[in-house]
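Secondary and tertiary structure notes
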Amino acid sequence: MAGWLVNGAATVGAGTYFGWDGFTIQSGNLIVIAVMVILFILALLLPFPGGKGRK
Amino acid sequence: MSTRAKPAPRLPGQDADAGTWTDKARRWLLAKLPPDKLLPGDQPIYVMSWAYVFGMGAVASLVWIIASGVVLGLNGPQWYHVSPLGGFVNSSHLWSVELFFIFMVVHLWLKFWMAAWRGGRVLTWITGMLSFIVSIVAAFTGYLLQTNFDSQWIAFEAKDALNSVGVGAWFNVANLGQIFVWHITLLPLAVGAVVVLHVLLVRVHGVVPPLDASEDDAQLRTNTVEVGGNPPGAGLPVAPATSLTPAEPKDAAR
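Quick caveat, the model's predicted, so the values are computed rather than measured.

We now examine the domain arrangement of chain B. Residue and element names in this part refer to chain B. Looking at chain B, the domain boundaries give domain 1 (50-114) and domain 2 (117-209). Placing the centre of domain 1 and that of domain 2 at their C-alpha centroids yields a distance of 14 Å. Counting residues at the interface gives 10 residues for domain 1 and 10 residues for domain 2. Among the elements that take part in the side of domain 1 that touches domain 2, helix α3 (residues 54-75) stands out by supplying 5 residues, more than any other. Broken down by class, the residue content of the side of domain 1 that touches domain 2 amounts to 8 nonpolar, 2 polar and no charged.

Here's what the structure looks like:
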């Protein structure tokens, strides 16, 4: 019973952090924010399938 | 033996208004949200843009969050912490939450820069913000239920803040059973209710037109004439988005 608890605890790591002049962010959070910004830009730029030719 | 006249059967569509609260509620609901606005068959042409996709992406994610959450709740922690299938469903619950927040934030950004509160849509905007805030609380309780060192750290970092604002007794992050009930009953109901209200308000007022849709835009002008009194763009859509019209043979060929 305690085995999976110990194994589970072993998977918890400190993570990778990036920092610039007092600003620190964890890699997972940075990736999520980057994905959201990319999706925002793509939503504005990419044509919608099926929309071409419609008036 | 007395005879009583049998009341004539009521025909469909015949007004049966007895002035009761149910009659008034029905009249109000039908005036606010007639069936063709609740379940429209088409949408304005400007909806065919990726900028109008992310709200429904968030709703789709929420559906999976609730479905996987029901499975997790029915099987219990011993299942989802130990068995491979339980671990998979647990992970899909987490990742659908990640997608839910990603879609919701992109939806928020797009609607902010579109000034989506225009045309009497302030309540739609407010319910959207409310759903975002309530979802953060629901996700927070979910992270507490991981029952690992991360959740322990989060709980004991949060408890002082919650105690300082006086809600620690009813929202005790160190009480796993209480947080479990918050997470699987109260908060999902709150998120679901606010999201349903938000979607219904979108149906009532219609999707917000883009900023560059001018007042003399054919669709908006037709809408204004159709609904009468409602702001431009708030009425029924006029351009088919999902069905093809005979006037568009090029689309039919695709």
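What follows deals with helix α1 (residues 21-32) of chain B. Turn by turn, an α-helix covers 3.6 residues, leaving residues three or four places apart pointing in a common direction. Between its terminal C-alpha atoms α1(B) stretches 16 Å, which fits the 16 Å expected from 12 residues at 1.5 Å a residue. With respect to burial, α1(B) is a largely exposed element, only 0 of its 12 residues being buried.

Viewed as axis vectors pointing N to C, helix α2 (residues 27-45) of chain A and helix α5 (residues 84-113) of chain B meet at an angle of 45 degrees, and their least axial separation amounts to 10 Å. Classified by the angle their axes make, α2(A) and α5(B) are oblique. In the packing of α2(A) onto α5(B), the handedness of the crossing is right-handed. Contacts between α2(A) and α5(B) involve Val32(A), Val35(A), Met36(A), Leu39(A), Phe40(A) and Ala43(A) on the former and, on the latter, Glu98(B), Ile102(B), Val105(B), Val106(B), Trp109(B) and Leu110(B).

The next subject is the pairing of strand β2 (residues 23-26) of chain A. All names here are of chain A. Across 4 bridges, the pairing between strand β1 (residues 17-20) and β2 is antiparallel. The partner of Tyr-17 across the bridge, within β2, is Gln-26. What sits between β1 and β2 in their antiparallel hairpin is a turn of 2 residues, with Asp-21 showing a positive phi close to 45 degrees.

What counts, and at which threshold
- Residues numbered from 1 in each chain as written.
- Chains lettered and ligands numbered in written order.
- Predicted model: local features only at pLDDT ≥ 70, side-chain atom pairs only at ≥ 80, totals over all residues.
- Domains from an automatic or database assignment.
- Contact = placed C-beta atoms within 7 Å.
- Helix = DSSP H or I, 4+ residues; strand = E, 2+ residues; numbered from the N terminus.
- Nonpolar A, V, L, I, M, F, W, Y, C, P; charged D, E, K, R; others polar.
- Expected span 1.5 Å × (residues − 1).
- Buried ≥ 20, exposed ≤ 12 C-beta atoms within 10 Å, placed from the backbone.
- Axes fitted to C-alpha atoms, helices over the stretch in contact; angles between N-to-C directions.
- Parallel < 35°, antiparallel > 145°, perpendicular 65-115°, else oblique.
- Left-handed = near helix turned anticlockwise from the far one by under 90°.
- Pairing = 2+ DSSP bridges.

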